[in-house]
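# Structural features, examined
Below, each chain spelled out in residue letters.
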Amino acid sequence: MSNNRRDFLKLSGLAALGGSTKWEIKDLATSMHIEKGKQVFNMSGYAAPKIETVRIGFIGLGNRGSGAITRVNRIDGVKTIAICDIRKEKADAGLKALAKMGIQPEVYTEKEEAWKAMCDRPDIDLIYIATPWHLHTPMAVYAMKQGKHVAVEVPAATTLEECWQLVETSEKTKKHCMMLENCCYDFFELLTLNMARQGYFGEIIHTEGAYLHDLLDHNFTQSTYYQSWRLKENLRNGNLYPTHGLGPICQLLDINRGDQMDYLVSTSSNDFSMHPRAVELAAKDPFYQQFVNKSFRGNMNTTTIRTVKGKTMMVQHDVSTPRPYSRIHLVSGTKGMAVKYPDPKVSDHHHNWISAADMAELEKKYSPPIVAKIGELAKQIGGHGGMDFMMDWRLIDCLRNGLPLDQDVYDAATWSSVGPLSEISVKNRSKSMDVPDFTRGSWKTNKPVDISLAQGGNTGVKAQK
């Protein structure tokens, strides 16, 4: 066992396992980055120079990217310079969609590393990444090193080493790295965030989030995800996709901006549906033979997190059982609580939920400025009910006005780190895992996310052609 490994075992509380390899998971030896040194530059609250026209290159034109290219181009002050996808048919479809908007970008396609040539261009300010998970960090790091700001789909990283790569590259280059956590911009999440800021819930004690979404059929349909990449990701066992539920509750608790995740524990059930489906399909299609002797992630993962200030968070993940979609989104404080699913409800500091009429008044009182500014238009333009567009609009508005982003690289790293940390915990009978402080202490003085629109908010939206 190397000295670095011994150091990690000691620091993480796994030293009792001695020389056992029971705890090891794929790439663990290279994904453990021992926290050291001082922060090179604090990217939280960093305002990069204004960019009047944000010139964009898009990588990945599949399930998420195909919608992003047209949605983002509804925003004023945007120019799409180039688009990229390894599949020519996706690149052609993207080009056709943009042509209808009068946009003619350069296309990069077919070659495995065509995206690098796009990132090398000097006439691009922002790289927008919507590719399979394992490509997120390599692409984001390369783009930042080429002088580009980055917006990257969730999760931003799949190992702790990748989390640190994002942080260190962003700090050294002073380029933004925003994870595209759209759920932070959903209407009820924004409402509860503003309510929390106004003290409605009192001292927040506990929060919950989740990604409960039956994707069993999608994962086992070869046409849904390129080369079945998402099915292959499910060979890891943990909370693989934590950020949709986690991001909004981290903002409620001011994680990285006044509080910090301290440690987590994670537990997974057995798998009762994915492997049986693989065996069933393999009997008819040889493609699925590669999965017959594999172990899939447990159907339900539950991860609990304690913060430095003694708050608790519960995050769940289940994409393989037939249950209604839910991200839970629960906030509980000393004066009240709220929960989003199955129906949005808020307590009135007593034992009962408030009435529908009182709920309508509450929404008027606490609806944040971004919703008043662009909410109805976002619903019309779309993207998961409008939250995608509000996210994109806010990103562009911040870049154009030289404002700090709502989500910085420390959020991308911290929220994403729950994935690999949960894997290690699950592997070791729910062993407690310390969460790295990617801010290296600056969380104590970093300011909370500004939702006031006191600055900026002046970016327009183009009419539909």
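Residues numbered from 1 in each chain as written. Predicted model: local features only at pLDDT ≥ 70, side-chain atom pairs only at ≥ 80, totals over all residues. Heavy atoms only, no water.

## So, the packing of helix α11 (residues 243-252) against helix α16 (residues 409-427)
Defined as follows: For helices, the axis comes from a line fit to the C-alpha atoms of the stretch in contact; other axes are also lines fit to C-alpha atoms, and the angle between any two N-to-C directions lies between 0 and 180 degrees. By definition, any uninterrupted DSSP run of H or I lasting at least four residues is a helix, any uninterrupted run of E lasting at least two residues is a strand, and each is numbered from the N terminus. Just so you know how the angles are binned, under 35 degrees is roughly parallel, over 145 roughly antiparallel, 65 to 115 roughly perpendicular, and the rest oblique. Here a crossing is called left-handed whenever its near helix is offset anticlockwise from the far helix by less than a right angle, and right-handed whenever the offset is clockwise. Contact criterion: two residues are considered in contact whenever any of their non-hydrogen atoms come within 4.5 Å of each other. Three classes are used, and their members are as follows: Ala, Val, Leu, Ile, Met, Phe, Trp, Tyr, Cys and Pro are nonpolar, Asp, Glu, Lys and Arg are charged, and the others, Gly among them, are polar.
Running from amino to carboxyl end, α11 crosses α16 at an angle of 135°, the nearest separation of the two axes being 10 Å. Comparing the axis directions of α11 and α16 gives the class oblique. Crossing of α11 against α16: the hand is right-handed. Between α11, through Thr 243, Leu 246, Gly 247, Cys 250 and Gln 251, and α16, the contact on the second element is made entirely by Trp 415, Ser 416 and Val 418. Taken together, the residues of the contact of α11 with α16 break down into 4 nonpolar, 4 polar and no charged.

## Side note on the nonpolar core
Heads up, the condition is: Take the buried Ala, Val, Leu, Ile, Met, Phe, Trp, Tyr and Cys residues and link them wherever side-chain atoms come within 4.5 Å; each set so joined is a nonpolar core. Between buried and exposed lies partly exposed: a residue is buried under 20% and exposed over 50% of the maximum accessible area for its type, with that area taken using a 1.4 Å probe on protein chains only.
Counting 120 residues, the largest nonpolar core has Leu 246 and Met 261 as the members making the most contacts within it. Sorting elements by how many residues they give to this core places helix α15 (residues 387-401) first, with 9 residues. The contacts of Met 261, once residues within four sequence positions are left out, are Leu 246, Cys 250, Ile 255, Ile 305, Arg 306, Thr 307, Met 313, Thr 414, Trp 415, Val 418 and Val 435. If you look at the next biggest cluster of nonpolar residues, it comprises 10 residues, including Leu 216, Met 274, Phe 291 and Phe 296.

## Overview of the UniProt feature "domain: Gfo/Idh/MocA-like oxidoreductase N-terminal" (unreviewed entry) in the protein chain
Using the following cut-off: UniProt positions are given in the numbering used here, feature names are shortened, and annotations may be inferred rather than shown by experiment.
Look at the UniProt record and you will see "domain: Gfo/Idh/MocA-like oxidoreductase N-terminal" (unreviewed entry) annotated at residues 54-179. Across residues 54-179 one finds 40% helix and 23% strand; the C-alpha atoms that close the span lie 18 Å apart.

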